[in-house]
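The residues making up each chain are set out below.
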Amino acid sequence: DEEAALARARSTAETHVAKRMKLLWRARQRILVVAATLPAWMAVRSVVRLIGWVVPPLGRFLARCLPVTVPGLSKGAEKLPQGGGKVAVIGGGIAGCGAAWALTQSGYDVTVYEARETTSGNARTWDWDGFANGETVKSCVSVTAWPPLLYKNYTCLLATLGVETVPMPLSWFLNSKVPGHEGFLWG
């Protein structure tokens with residue numbers, strides 16, 4: 001078919017890379033705009049919080065007009081009632097289970113909703129199959145991917161629960177299926 005041949009001719013590795021670079025450039029531009037205006041938005045948020053402390057209805061009105069969330073004033077960012085209530089946590093990964101545990105410790109009745117059969121999110125074992133001998137290899141992809149420097153709350157939760165952690169080096173694996181650049185690389 002003529003259209004299929006034209007599509008194949010346009011679907012080269014170079015075209016793919018060029019489109020990807022264009023997409024990444026747009027994303028980087030958006031990130032730069034957000035980063036450049038972040039101090040201004042933080043200042044606006046602080047002013048609205050102060051106004052909300054003095055005149056709560058005005059603070060809530062102003063918070064709802066902003067494109068950023070103002071804790072305690074924006075719709076959906078109101079403080080939870082003290083001393084209990086019902087809370088739903090969506091996702092039974094590390095963040096969801098950690099939030100559920102902290103909310104339970106604070107006296108809330110928590111229900112965790114998880115799409116999979118078991119909780120764990122990405123902190124689970126993974127079965128790698130497809131080996132020539134038909135063997136399946138089980139590997140752990142759990143806490144090795146969460147460095148304490150970047151995940152302070154997670155590390156604090158583990159310490160509070162008495163879970164011992166051991167630092168270990170991480171390796172990585174790349175698998176390319178781009179025509180002309182197929183292959184894999186371990187690091």
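Residues numbered from 1 in each chain as written. Predicted model: local features only at pLDDT ≥ 70, side-chain atom pairs only at ≥ 80, totals over all residues. Heavy atoms only, no water.

### Notes on the overall build of the protein
The helix and strand inventory of the protein stands at 5 helices and 6 strands. Secondary structure of the protein in N-to-C order comes out as α-α-α-β-α-β-β-β-α-β-β. Counting over 187 residues, the protein shows a buried share of 14%. Expressed as a percentage of contacts within the protein between residues at least 6 apart in sequence, the contacts between residues at least 24 apart total 27%. When the accessible surface of the protein is totalled, it reaches about 14,900 Å², and 63% of it is carbon and sulfur. (Helix = DSSP H or I, 4+ residues; strand = E, 2+ residues; numbered from the N terminus. Buried < 20%, exposed > 50% of the residue type's maximum accessible area, 1.4 Å probe, protein only. Contact = heavy atoms within 4.5 Å. Areas by Shrake-Rupley, 256 points an atom, 1.4 Å probe, with all protein chains shown as cover.)

### Some words on the nonpolar core
Counting 6 residues, the largest nonpolar core consists of Val 87, Val 89, Ala 100, Leu 103, Tyr 108 and Val 110. Ignoring sequence-local partners within four residues, the contact set of Val 89 consists of Gly 96, Ala 100, Leu 103, Val 110, Thr 111, Val 112 and Tyr 113. (Core = buried A, V, L, I, M, F, W, Y, C linked by side-chain atoms within 4.5 Å.)

### Notes on the pairing of strand S1 (residues 86-90)
Alternating positions in S1 separate cleanly, Val 87 and Val 89 being buried on one face and Lys 86, Ala 88 and Ile 90 remaining unburied on the opposite face. Relative to strand S2 (residues 109-113), S1 is paired through 5 bridges, and the arrangement is parallel. Opposite Val 89, over in S2, you have Val 112 as the bridge partner. Once you follow S1 into helix H4 (residues 94-105) and on to S2, the crossover reads as right-handed. (Pairing = 2+ DSSP bridges. Right-handed = clockwise from strand over helix to strand, strands pointing away.)

### A few points about the environment of Trp 53
For Trp 53, the position within the fold is in helix H2 (residues 13-54). Spatially, the C-alpha atoms of Trp 53 and Leu 73 are 9.6 Å apart, while their sequence positions differ by 20 residues.

### Thoughts on H4
A turn of α-helix holds 3.6 residues, and therefore any two residues three or four places apart point the same way. Taking 1.5 Å of rise per residue, 12 residues should cover 16 Å, and H4 covers 16 Å from first to last C-alpha, within 8% of that figure. If you follow the buried residues of H4, they end up packed against S1, S2 and helix H5 (152-161). (Expected span 1.5 Å × (residues − 1).)

### Examining the side chain of Ser 74
Tracing the backbone shows Ser 74 in the loop between helix H3 (56-65) and S1. A relative accessible area of 5% places Ser 74 in the buried class.

### Topic: H5
Buried within H5 are the following residues: Tyr 154, Leu 157 and Leu 158. An end-on view of H5 places all buried positions within 100° of arc, on one side of the element. Turned more than 90 degrees from where H5 packs its buried face, Lys 152, Asn 153, Ala 159 and Thr 160 sit exposed. Those residues of H5 that are buried are in contact with H4. Just beyond H5, the residue with positive phi is Gly 162, at close to 80°. (Arc of directions from axis to C-beta.)

### As for a nonpolar patch on the surface
Where nonpolar side chains cluster on the molecular surface, the patch consists of Leu 50, Trp 53, Val 54, Val 55, Leu 58 and Phe 61 and spans about 680 Å² of accessible area. By residue number, the principal contributor to the nonpolar patch is H2, which donates 3 residues. Tracing the backbone shows Leu 50 in helix H2. (Patch = residues over 30% accessible without salt bridge, like charges linked within 9 Å, V, L, I, M, F, W, Y side chains within 5 Å. Salt bridge = Lys/Arg side-chain N within 4 Å of Asp/Glu carboxyl O.)

### Comments concerning the packing of H4 against H5
A pair of packed helices can be characterised by two numbers: the angle between their axes and the separation between those axes. For the pair H4 and H5, interaxial distance at closest approach is 11 Å and the crossing angle is 55°. Classified by the angle between their axes, H4 and H5 sit oblique to one another. The chirality of how H4 crosses H5 is left-handed. Here Ile 94, Gly 98 and Trp 101 of H4 come into contact with H5, specifically with Tyr 154, Leu 157, Thr 160 and Leu 161. Among the residues forming the contact of H4 with H5, the class breakdown is 5 nonpolar, 2 polar and no charged. (Axes fitted to C-alpha atoms, helices over the stretch in contact; angles between N-to-C directions. Parallel < 35°, antiparallel > 145°, perpendicular 65-115°, else oblique. Left-handed = near helix turned anticlockwise from the far one by under 90°. Nonpolar A, V, L, I, M, F, W, Y, C, P; charged D, E, K, R; others polar.)

### Considering the environment of Lys 75
With respect to the element layout, Lys 75 can be found in the loop between H3 and S1. Judged by its relative accessible area of 71%, Lys 75 is exposed. Remark: the alpha-carbon pair of Lys 75 and Ala 63, spanning 12 residues in sequence, is separated by 8.1 Å.

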